Amino acid sequence: MDFLGLFDPSTADESCDVHNDFTDQLPPEPQAGNVEYKLKLVNPSKQRFEHLVTQMKWRLREGQGEAIYEIGVEDNGVLTGLTECEMTASLQTLQQMAYKLGATTTVLRERLVDSDNGNSRKVAEVLVRKVPDDQHNIEVRVAVMGSADAGKSTLLGVLTQGQLDNGRGRARLNMFRHLHEVQSGRTSSISHEILGFDTQGHVLNYSEFMTAEEICENSTKLITFIDLAGHRKYLRTTVLGLTGYSPHHVMLVVSGSAGIVGMTHEHLALAIALDVPFFITITKTDVKSPADTLLSLEAMLKSAGCRKVPLVVRNEDDVITAGSNQLAGNIVPIFCVSNVTGDGLELLTKFLHVLPPGISIKEKERLEQELCEFQIDETFRVPEVGTVVGGLLTKGVISEGAKLVIGPLNDGRFLPVIVQSIHRNKAPCRVVRASQSASLGLNQEILGLRNGMVVLSPESKPAGCLFFQAAVYVLFHTTAIYPGFQTTVHIGNIRQTAVIEGIMAIGGIHTNDKASVLFRFLRHAEYVKVGMRLLFREGRTKGIGKVTQVFPVEQD
């Protein structure tokens, strides 16, 4: 049915003139959809106003950014109408509601209806529109790493939910994505959570707001936590999260009761190897004093491999010092917190508020001028939407309707696609810019779609490659690496087994050796460019490097 049928279209013109053609009533107000009936909106209480705003937000979401309000109409569809004064006040309230959501109101049509006492009363139809554009907040991505049972997910649960833990892991339940994670208490996948700050520096989390969309809308700064797995058997997932999502900072979580154990050294080595700034949080200080753990951490950070300056944050002055030196200096801030008592959490949140983004505005603007490059980290099949890909836009700008190419397929080809819709932080938007993560709805199904692919501008004339050369540095290997050695290679969002076909060195390469190495992907072509950072590992063998030459797959 047509809700614009309140007015006779043959007599309605483009302006908001008052018409006298009479319609008995509208159908009853639908529960779903973007149409809302309101008898009047005169001087609502604060609580009532907040409820009306929430209702408007829901109607806007139902209508993909547009909602129609019928003012002077009862819920059963009867056209009661309002006096001139009541209509003016109602439209003003509606405008205030829309302003709070960043939306605009336009009176489509007004008309007069006759009342029982013979006086004419008004009914109005109003269009409320909100065009969700680029989110106007600073986004900082923080990867959370540390050994199993250090309290990573519990700490994130406390920060993002605003409720302290009960000492038995209640706070971490909201972080888990799978049933087996809930049952075992161990994170095995990559999950994302957000923490917002307003202009005054107040924390905005799920204790105040119901949805991620509300937190994003009210935040001037947004911390996106990437919760990574701590157990050794999930190491490849952890490395993928660190290389694929390009975090600006790493938060290394250490248990105050257990100390530096298990994967803590491995994760610290990964952060240093990938040159990601990091800070340390010691948890469970309510169980045991962190003094011994602090001594161990200071010794580790001052060792030859790290050469960092530890800074134990004890007051707000230390927070400012730590935040200002996080990128420039080699200072590593250390926080001592308890998820049960809440000790130290205030200093940690203050530090997150002043934590600088890993990319300057000038550099961001430069990246936006380049041709777009979107790295695919997750793929979905959404009913009634189609193919959706999630990931990080490393360069350029993507808008709705953009014509791009996706690939490489197994044979190295790229297919043309059109971006139908864009979502950021679970909310629809029109544009995504460089260094922002988003999900893109595509216009067709892609056979062979997988993680590690890219969405690019067709102007870049991309090609996949099977062979590439890199200058590598072996961090650790028990003996020597020779041609034929198979290893898992991580290059950005790419994760695939590769074979070393050639080594420009005599007698293989050992721990702490540097060499130029020729790799061949074992399964299918990937999109690799010169200068990309590389990390390879196999068991306890680890190495880093940079791509120096690429050999594209020849196309027919």
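Because the structure is a prediction, the values reported are computed rather than measured.

The rules we used
Residues numbered from 1 in each chain as written. Predicted model: local features only at pLDDT ≥ 70, side-chain atom pairs only at ≥ 80, totals over all residues. Heavy atoms only, no water. Salt bridge = Lys/Arg side-chain N within 4 Å of Asp/Glu carboxyl O. Helix = DSSP H or I, 4+ residues; strand = E, 2+ residues; numbered from the N terminus. Buried < 20%, exposed > 50% of the residue type's maximum accessible area, 1.4 Å probe, protein only. Pairing = 2+ DSSP bridges. Axes fitted to C-alpha atoms, helices over the stretch in contact; angles between N-to-C directions. Core = buried A, V, L, I, M, F, W, Y, C linked by side-chain atoms within 4.5 Å. Contact = heavy atoms within 4.5 Å. Parallel < 35°, antiparallel > 145°, perpendicular 65-115°, else oblique. Left-handed = near helix turned anticlockwise from the far one by under 90°. Nonpolar A, V, L, I, M, F, W, Y, C, P; charged D, E, K, R; others polar.

### Section: the pattern of salt bridges
The full count for this structure, using the stated rule, is 20 salt bridges. The residue E50 makes a salt bridge to K100 at a minimum N-O spacing of 2.4 Å. Separated by 50 residues along the polypeptide, E50 in helix α1 (residues 46–62) and K100 in helix α2 (residues 84–100) bring together distant segments of the chain. Overall, K100 belongs to the partly exposed group, its relative accessible area being 46%. In this structure, the salt-bridge partner of E110 is K122, at a minimum N-O distance of 3.4 Å. Of this pair, E110 sits in strand β4 (residues 104–114) while K122 sits in strand β5 (residues 120–129), and the two are 12 residues apart along the sequence.

### A word on the sheet that holds strand β26 (residues 514–521)
If you walk around this closed barrel you meet the six strands as β23-β26-β25-β24-β27-β28, and the pairing is antiparallel. If you compare each strand with its neighbour and ignore which way they point, the axes differ by 45° on average. As paired strands, strand β24 (residues 486–491) and strand β25 (residues 494–503) are joined by six bridges and run antiparallel to one another. Its bridge partner lying in β25, T487 is registered against A498.

### Focus on the nonpolar core
Grouped together as the largest cluster of nonpolar side chains are 32 residues, with contacts concentrated most on V250, F278 and I280. Of all the elements in the fold, those that place two or more residues in this core are β6 (138–146), α6 (235–244), β10 (249–255), α7 (264–273), β11 (278–283), α8 (291–301) and β13 (331–336). Discounting chain neighbours no more than four positions away, the residues touching V250 are A143, M145, L242, A271, V276, P277, F278 and F279. By size, the runner-up hydrophobic cluster in this structure holds 29 residues, among which are M251, F279, V337 and L352.

### Quick word on the packing of α1 against α2
It is the contact of α1 with α2, at a shortest axis distance of 9 Å, that shows an interaxial angle of 65°. When the axes of α1 and α2 are compared, the pair comes out roughly perpendicular. Along this stretch, α1 crosses α2, giving a crossing that reads as right-handed. Taken together, the residues of α2 that come into contact with α1 (itself represented by F49, E50, L52, V53 and M56) are T93, L94, Q96, M97, A98 and K100. A class-by-class count of the residues in the contact of α1 with α2 yields seven nonpolar, two polar and two charged.

### Quick look at helix α3 (residues 152–161)
With 10 of 10 residues buried, α3 lies mostly within the body of the structure. Turning to α3, its buried residues are K152, S153, T154, L155, L156, G157, V158, L159, T160 and Q161. Contact partners of the buried residues in α3: β6, β7 (191–197), β9 (221–227), β10, β11 and α10 (345–354). G162, located one to two residues past α3, shows a positive phi value of around 75°.

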